[in-house]
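Structure at a glance
Chain by chain, the residues run as shown.
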Amino acid sequence: MPGLAEIARAAGVSISTVSRVLNRRAGVNDETRQRVLAVLAEMPYTPRGLGALQRTGVIGLLVPELSNPVVPAFAEALEVRAARLGYSSLLCNTRASGDAAMGEEEYVRMLLARGVEGMVFVSPEITNAEAPLGRAARPSYYSKLLADGVHMVFVNGATPALDVPDVTVDEQHAGYAATRHLVELGHRLVGFVSGPARALPSRLKRAGWAAALEEAGLSADGSLVAHGPFGPEGGALAAAELLDSVRPTAVICSSDHMAIGVLREAHKRGLSVPGDLSVVGFDDIPLAPYCSPPLTTLAQPIEEMATAAVDELVLRLDPDRRRRHSANYTRVFRPRLVVRESTASPE
């Protein structure tokens, strides 16, 4: 494997050590591991130098986390579809915590070194960079990958500055539909429990939330928005901020995971849901029907999106079909409102 030999020579280690680092196996101290990863970071992206883009029958699946139940659901659906089309897959958790955790770019280099044919990125890092709504952040290393002929598909990572196929859910419509549902129930003070302000999905949902409120002649003031990390803790913190200030009668949330935190915060304060506070999530995770009360949410069509993403990547891996296919490709899926017991007319 000349790619491994090249890395080993540059790092001053054995090929077996490089292999252990790339496969995240034990037996390599942290200093050596960091030296190997530093060499990888300096290597050119050309797949020829790392022995990638061979017909290995392997694709990489890069996901941002595994704690949010919707992400493993995406990973499973992607893996199942890839297997049906004859491909094996390598799953990479790009935002794992811990000293030995690898970031997205490190995983990309590892995948190239192992000869993957293409990659599917779920919510790639570029979607979290600071950028005005509708404009992309600096393309960074993705442009280098494209220039080297690496085939990629983004899931929920639309980036106009990059010619990368994208399969996405309509986040703005999700914010609009969730808010419209609450407005039609009679709510006039609707808050938004948002994920991090820099995250594009949060900004798109906020745009939909504001559009629905303005359409109804209601306030979309910034005081009705509270940000927190994605997850139950972030949802609870953001809900506490809103309940301590503007006291909305309803909130929409960036994710079901955050909505679970809102339900917890409401219970902690002795507020009934939906009597005192209506709550809408996003994702329709498997736990959503089993929350107390069952959670109203916007469902992502996960299996359909995964199928579209893998099918598009596999199509591009076929040189004969690729030549007849347009470079630009975007599939936008509409989320579906699932009404359960966490929303009702204000008392």
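Residues numbered from 1 in each chain as written. Predicted model: local features only at pLDDT ≥ 70, side-chain atom pairs only at ≥ 80, totals over all residues. Heavy atoms only, no water.

1. Here's the deal with the overall build of the chain
This is how the line gets drawn: Secondary structure counts use DSSP, requiring at least four H or I residues in a row for a helix and at least two E residues in a row for a strand, with both numbered from the N terminus. Buried residues are those whose accessible area, probed at 1.4 Å on protein chains only, stays under 20% of the maximum for their type, while exposed residues exceed 50% and partly exposed ones sit between those limits. Two residues qualify as a contact provided that any one of their heavy atoms is within 4.5 Å of a heavy atom in the partner residue. Throughout, the Shrake-Rupley method with a 1.4 Å probe supplies accessible areas, and for residues the shown protein chains are the sole cover considered.
Looking only at helices and strands, one finds 13 helices and 12 strands in the chain. Residue burial in the chain is summarised as follows: out of 347 residues, 53% are buried. Long-range pairs, those at least 24 residues apart, make up 72% of the contacts in the chain with a sequence separation of at least 6. Counting every atom, the chain has about 15100 Å² of accessible surface; 50% of that belongs to carbon and sulfur.

2. A look at the layout of surface pockets
Basically, it comes down to this: Grid points spaced at 1 Å over the protein atoms alone were grouped into cavities, where a 1.4 Å probe fits but cannot get out, and pockets, open sets with protein on both sides within 12 Å along at least five of seven lines, with lining residues defined by an atom within 4 Å of a point. Grid points are joined across faces, edges and corners, and a volume is the space filled by probe spheres set on the points.
Taken as a whole, the largest pocket spans an internal volume of roughly 550 Å³. Around the largest pocket, the lining comprises 25 residues; the ones closest to its centre are P64, E65, R95, S123 and F230. Counting residues per element, the ones that place at least two in the lining of the largest pocket are α5 (70-84) and α9 (200-215). No other element matches the three residues that α5 contributes to the lining of the largest pocket.

3. With respect to the sheet that holds strand β2 (residues 88-93)
Adjacent strands of a sheet pair through backbone hydrogen bonds, lying either parallel or antiparallel. The line we're drawing: At least two bridges found by DSSP between two strands are what make those strands a pair. With axes taken as lines fitted to C-alpha atoms, and helix axes fitted only over the stretch in contact, angles between N-to-C directions fall between 0 and 180 degrees.
Pairing in this open sheet of six strands is parallel, and the strands run β2-β1-β3-β4-β5-β11 from one edge to the other. Pairing within the sheet leaves two strands with one partner each, and these edge strands are β2 and β11 (330-333). Pairwise comparison of adjacent strand axes, ignoring direction, gives a mean angle of 15° for this sheet. In the sheet, strand β1 (residues 58-63) pairs with β2 via six bridges, with the strands oriented parallel. Looking at β2, one finds that G60 is bridged to L90.

4. Side note on the sheet that holds strand β9 (residues 278-280)
Across the sheet, four strands lie side by side as β7-β6-β8-β9; this open sheet has parallel pairing. Whereas interior strands pair on both sides, the edge strands pair on one side only; in this sheet they are β7 (225-227) and β9. With strand direction ignored, the average angle separating the axes of adjacent strands in the sheet is 20°. Direction of pairing for strand β6 (residues 190-194) relative to strand β8 (residues 250-253): parallel, over a ladder of four bridges. Directly across from V193, in β8, lies its bridge partner C253. Running over the sheet, helix α11 (residues 256-268) touches β6, β8 and β9 and is turned about 150° from β8.

5. Brief notes about the packing of helix α10 (residues 232-243) against α11
The following threshold applies: Each angle receives one of four descriptions, namely roughly parallel if under 35 degrees, roughly antiparallel if over 145, roughly perpendicular if within 65 to 115, and oblique otherwise. For any helix crossing, the convention is left-handed if the near helix is rotated counterclockwise from the far helix by under a right angle, and right-handed if that rotation is clockwise. Here the nonpolar group is Ala, Val, Leu, Ile, Met, Phe, Trp, Tyr, Cys and Pro; Asp, Glu, Lys and Arg are the charged ones; every other residue, Gly included, is treated as polar.
Following both chains from N to C, one finds α10 and α11 inclined at 50°, their axes separated by 6 Å at the closest point. The orientation of α10 with respect to α11, classified from their angle, is oblique. For α10 against α11, the interelement crossing comes out right-handed. Contacts between α10 and α11 involve P232, G234, G235, A236, A239, A240 and L243 on the former and, on the latter, H257, M258, G261, V262 and E265. By residue class, the composition of the contact of α10 with α11 is seven nonpolar, four polar and one charged.

6. Quick look at α9
In plain terms, the rule: Helix span is expected to be 1.5 Å times the residue number reduced by one.
In this model α9 runs 23 Å from its N-terminal to its C-terminal C-alpha over 16 residues, within 8% of the 22 Å that 1.5 Å per residue would give. Looking at the buried positions of α9, the neighbouring elements they touch are α8 (171-185), β6, β7 and β8. Phi turns positive one or two residues past the end of α9, at G217, with a value near 75°.

7. Focus: empty space enclosed by the protein
Empty space among the atoms becomes apparent when a probe as large as a water molecule is rolled across them. For the structure on display, the rule yields one cavity of 30 Å³ or more. By volume, the largest cavity amounts to about 40 Å³. Lining the largest cavity are A174, G175, A178, K205, I252, C253, G281, F282 and L298. Secondary structure elements with two or more residues in the lining of the largest cavity: α8 and β8.

8. Remarks on a negative patch on the surface
The line we're drawing: Patches here: salt-bridge-free residues with over 30% relative accessible area, like charges joined within 9 Å, nonpolar side chains (Val, Leu, Ile, Met, Phe, Trp, Tyr) joined within 5 Å. Here, a salt bridge means any side-chain nitrogen of Lys or Arg that lies within 4 Å of a carboxyl oxygen of Asp or Glu. By the counting scheme adopted, Arg and Lys are positive, Glu and Asp are negative, and His together with the chain ends is not counted. One atom stands in for each charge, and that atom is NZ of Lys, CZ of Arg, CG of Asp or CD of Glu.
Taken together, the side chains of E76, E79, E303 and E304 define an acidic patch exposed on the protein surface. If you list the elements that add at least two residues to the negative patch, you get α5 and α12 (302-317). Summarising the element assignment, E76 is placed in helix α5. We classify E76 as exposed; its relative accessible area is 53%.

9. Observations regarding the confidence of the model for the chain
The cut-off we apply is this: As a per-residue measure, pLDDT tells how confident the predictor is, with possible values from 0 to 100.
On average, the chain scores 86 in pLDDT, and the residues at 70 or more come to 86%. Contacts of residues 45-53 to residues separated by more than four positions or lying in other chains number 31 contacts, the stretch itself having pLDDT below 50. Between residues 130-137, whose pLDDT stays under 50, and residues either more than four places distant or in other chains, the model counts 16 contacts.

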